[in-house]
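Reading the structure
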Amino acid sequence: MNIDKLPRIELAHLPTPIEAMETLSAELGGAHLFVKRDDCTGLATGGNKTRKLEYLLADAKEKGADTLITEGGSQSNHCRQTAAAAAKVGLDCTLVLNRGFADEETGNLLLDRMLGAEVVFVDDSTQRGSAVAETAERLQREGRTSYVVPTGGSNGLGAMGYAIALREIQSQEKALGVKFDAVVVASGSGGTQGGLVFGKKLFDFPAEIIGISDGEPRDELSKQVLRVAREAARLLNEPMTFAPTEVTVFDEYYGEGYGIPNEAMVSAVKRVARTEGILLDPVYSGKAMAGLIDLVGKGHFNSAQNVLFIHTGGTPALFAYAASFR
Ligand SMILES: *Cc1c(COP(=O)(O)O)cnc(C)c1O
């Protein structure tokens, strides 16, 4: 099946721009760095989940859902974008959030409520799954039809958003007269990277896709990425195989763990703000940028290479992490 035949609801401002990060590149003295502004997808401050939600919401609508349910941490960008997407297409939304780091009523959590989502809190992330199931049962008893958006929007269907993002990058390469040698992206539930890995094969894109883990060990995240890429291929009946060697994940940049700030992240966020006027986020893109800066410093890329960093969004979380930046 042709990817363009899949039902899709347009939510994102596309194409998102690609900009050269000239000052940062010059300061680091290595490869030419570019940024794809997926923080500018336009949906309630944007981010990478918007592209996935274009497919997932079309599916929810087709299935007759009136309410979306999804889950995440209290500063989840995925949940905030899901709440915004639901508002935009006229669905209700219930978010199951776990308390943990930075769960003050600010940043994404403030926006979730502003966007009209119902919020159900659990004490830790291990309780989210059962709370989602209980929420679905409760809504059913109330006569509603719910649709569960998977964690991070990361299944084969959601990943289509990043497969077509690769095609978008290919046409921007032509317009800019640049060929990218590598694409670097923050990776968490594997949907973004899985979509890129699938898109790389579907659209014959030569650049290496590098995922920088937000908190998962390399082997686990690689498995997730492979699962999503394979699921996407199956959905389109593409006879593709994916080997573990086709997935590149670096897991040395998340520090103590998911959502826990560290010095390299703070320094990368400040550096990109001060050199490029671009705001990263403390949980994903800040740590991924710390990774990219380190890889450039170690000579992972040569100085003639073009490297595209996908800015996956997350800026509202900066306010929940204000203490780390003072
Ligand atoms: C969710 C998220 C990611 C990770 O994307 P996955 O598709 O879950 O791997 C990266 N950056 C930001 C800002 C996010 O919100």
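In what follows, the structure referred to is the one given above.
Residues numbered from 1 in each chain as written. Predicted model: local features only at pLDDT ≥ 70, side-chain atom pairs only at ≥ 80, totals over all residues. Heavy atoms only, no water.

Describing the overall build of the chain
Quick reminder of the rule: Numbering goes from the N terminus for both helices and strands, where a helix is a DSSP run of H or I of at least four residues and a strand is a run of E of at least two. Throughout, exposure labels follow a simple rule: accessible area from a 1.4 Å probe, protein chains only, divided by the maximum for the residue type, with under 20% read as buried, over 50% as exposed, and the rest as partly exposed. All accessibility values rest on the Shrake-Rupley procedure with a 1.4 Å probe; residue burial counts only the protein chains present in the view. Note that His is not counted, nor are the chain ends; the positive residues are Lys and Arg, and the negative ones are Asp and Glu. Taken as the charge centre is NZ of Lys, CZ of Arg, CG of Asp or CD of Glu, depending on the residue.
Check the secondary structure of the chain and you find twelve helices and ten strands. Expressed along its principal axes, the backbone C-alpha trace of the chain runs to roughly 60 × 50 × 35 Å. A total of 326 residues make up the chain; the buried ones form 58% of that total. Approximately 13,200 Å² of the chain is accessible, and the part contributed by carbon and sulfur atoms is 49%. Charge-centre separation for the chain: the mean point of 33 positive side chains lies 3 Å from the mean point of 42 negative side chains.

As for the side chain of glutamate 173
The following threshold applies: Here, two residues are considered to be in contact whenever any of their heavy atoms come within 4.5 Å of each other.
Structurally, glutamate 173 is set in helix α6 (residues 156-176). By relative accessible area, which is 6% here, glutamate 173 ends up buried. Beyond its immediate sequence surroundings of up to four residues, glutamate 173 is in contact with Val178, Lys179, Phe180 and Phe205.

A few points about the sheet that holds strand β1 (residues 18-20)
Quick note on the threshold: Paired strands are those between which DSSP finds at least two bridges. To get an axis, a line is fitted to the C-alpha atoms, and for a helix only the part in contact is used. The angle between two axes follows their N-to-C directions and goes from 0 to 180 degrees.
One open sheet holds the six strands; their spatial order is β1-β2-β10-β7-β8-β9, and the pairing between them is mixed. Looking at the sheet topology across the chains shown, the edges are occupied by β1 and β9 (248-250). Ignoring strand direction, the axes of neighbouring strands in this sheet form an average angle of 25°. Two strands pair when backbone bridges link them, and β1 and strand β2 (residues 32-36) are joined in this way by three bridges, in the antiparallel orientation. Along β2, the bridge assignment pairs glutamate 19 with valine 35. Of the strands in this sheet, β1, β2 and β10 (306-310) are in contact with α6, which crosses β2 at around 130°.

Remarks on the nonpolar core
Put simply, the rule reads: To define a nonpolar core, start from buried Ala, Val, Leu, Ile, Met, Phe, Trp, Tyr and Cys residues and group those joined through side-chain atoms within 4.5 Å.
Of all hydrophobic cores here, the largest spans 44 residues; its most connected members are Ile3, Leu68, Met160, Phe198 and Phe242. Of all the secondary-structure elements, those providing two or more residues to this core are α2 (49-62), α3 (77-89), β4 (92-98), α6, α7 (191-202) and α8 (218-235). Residues contacting leucine 68, with those up to four places away along its chain left out, are Leu57, Ala60, Thr82, Ala86, Leu91, Asp92, Cys93, Thr94, Tyr147 and Val149.

Examining α8
Counted only if it meets this: Here the expected length of a helix is defined as 1.5 Å per residue gap, with one fewer gap than residues. Relevant arc is that of directions from the helix axis to the C-beta atoms, nothing else.
Compared with an ideal rise of 1.5 Å per residue, which puts 18 residues at 26 Å, α8 spans 26 Å between its outermost C-alpha atoms and is within 8% of the ideal. Buried residues of α8: Leu221, Ser222, Val225, Leu226, Val228, Ala229, Ala232 and Ala233, and no others. The buried residues of α8 all sit within an arc of 165° when viewed along its axis, so they share a single face. Facing away from the buried side of α8, by more than 90 degrees, are the exposed residues Asp219, Lys223 and Arg234. Of the surrounding secondary structure, the elements contacted by the buried residues of α8 are α6, β7 (182-187), α7, β8 (208-213) and β9.

Side note on the pairing of strand β3 (residues 67-73)
For a regular strand, the rule is simple: side chains alternate between the two faces of the sheet. Put simply, the rule is: If you view a crossover with the strands going away from you and the path from the first strand over the helix to the second runs clockwise, you call it right-handed.
In terms of burial, β3 is a largely internal element, seven of the seven residues being buried. Here seven bridges tie β3 to β4, and the two strands are oriented parallel to one another. Bridge assignment links glycine 72 to a residue of β4, and that residue is leucine 97. What joins β3 to β4 is α3, and the crossover it makes is right-handed. With three bridges connecting them, β3 and strand β6 (residues 146-148) associate as parallel partners. By the bridge assignment, leucine 68 is partnered in β6 with tyrosine 147.

Details of the pattern of salt bridges
Put simply, the rule is: Each reported salt bridge corresponds to a side-chain nitrogen of Lys or Arg within 4 Å of a carboxyl oxygen of Asp or Glu.
Applying the stated criterion across every chain, the model contains 20 salt bridges. Across the salt bridge formed by lysine 179 and glutamate 173, the nearest N and O atoms sit 3.8 Å from each other. Judged by relative accessible area, lysine 179 falls into the exposed class, the value being 59%. Measuring nitrogen to oxygen at the nearest pair gives 2.9 Å for the salt bridge that ties lysine 298 to aspartate 294. Taken together, the shared-partner salt bridges connect Lys36, Asp38, Arg51 and Glu168 into one network.

Here we look at the environment of leucine 235
Its place among the elements puts leucine 235 in helix α8. Between the alpha carbons of leucine 235 and leucine 157 there is a distance of 7.4 Å; along the sequence they are 78 residues apart. Those residues in contact with leucine 235, other than ones at most four positions away along the chain, are Gly156, Leu157 and Met160.

Some words on the environment of leucine 176
Of note, leucine 176 is situated in helix α6. Look at leucine 176 and you get partly exposed, because its relative accessible area is 43%. Between the C-alpha atom of leucine 176 and that of glutamate 19, which follows or precedes it by 157 residues, the distance is 9.6 Å.

Things to note about the site of the ligand
This is how the line gets drawn: Here, proximity means that at least one heavy atom of the residue falls within 4 Å of the molecule or strand. As used in this structure description, the phrase polar contact means that two N or O atoms lie within 3.5 Å; if the pair is within protein, one of them must be able to donate a hydrogen and the other to accept it, and residues adjacent in sequence are counted only when both atoms belong to side chains. Residue classes follow a fixed rule: Ala, Val, Leu, Ile, Met, Phe, Trp, Tyr, Cys and Pro count as nonpolar, while Asp, Glu, Lys and Arg count as charged, and any other residue, Gly among them, counts as polar.
Near the ligand you find 17 residues, and of these Lys49, Lys52, Gly188, Ser189 and Thr312 are the closest. Measuring from an oxygen atom of the ligand, one finds a side-chain N or O atom of asparagine 77 at 3.0 Å. Those elements giving two or more residues to the shell around the ligand turn out to be α2, β7 and α7. Taken together, the residues that form the shell around the ligand break down as two nonpolar, twelve polar and three charged.

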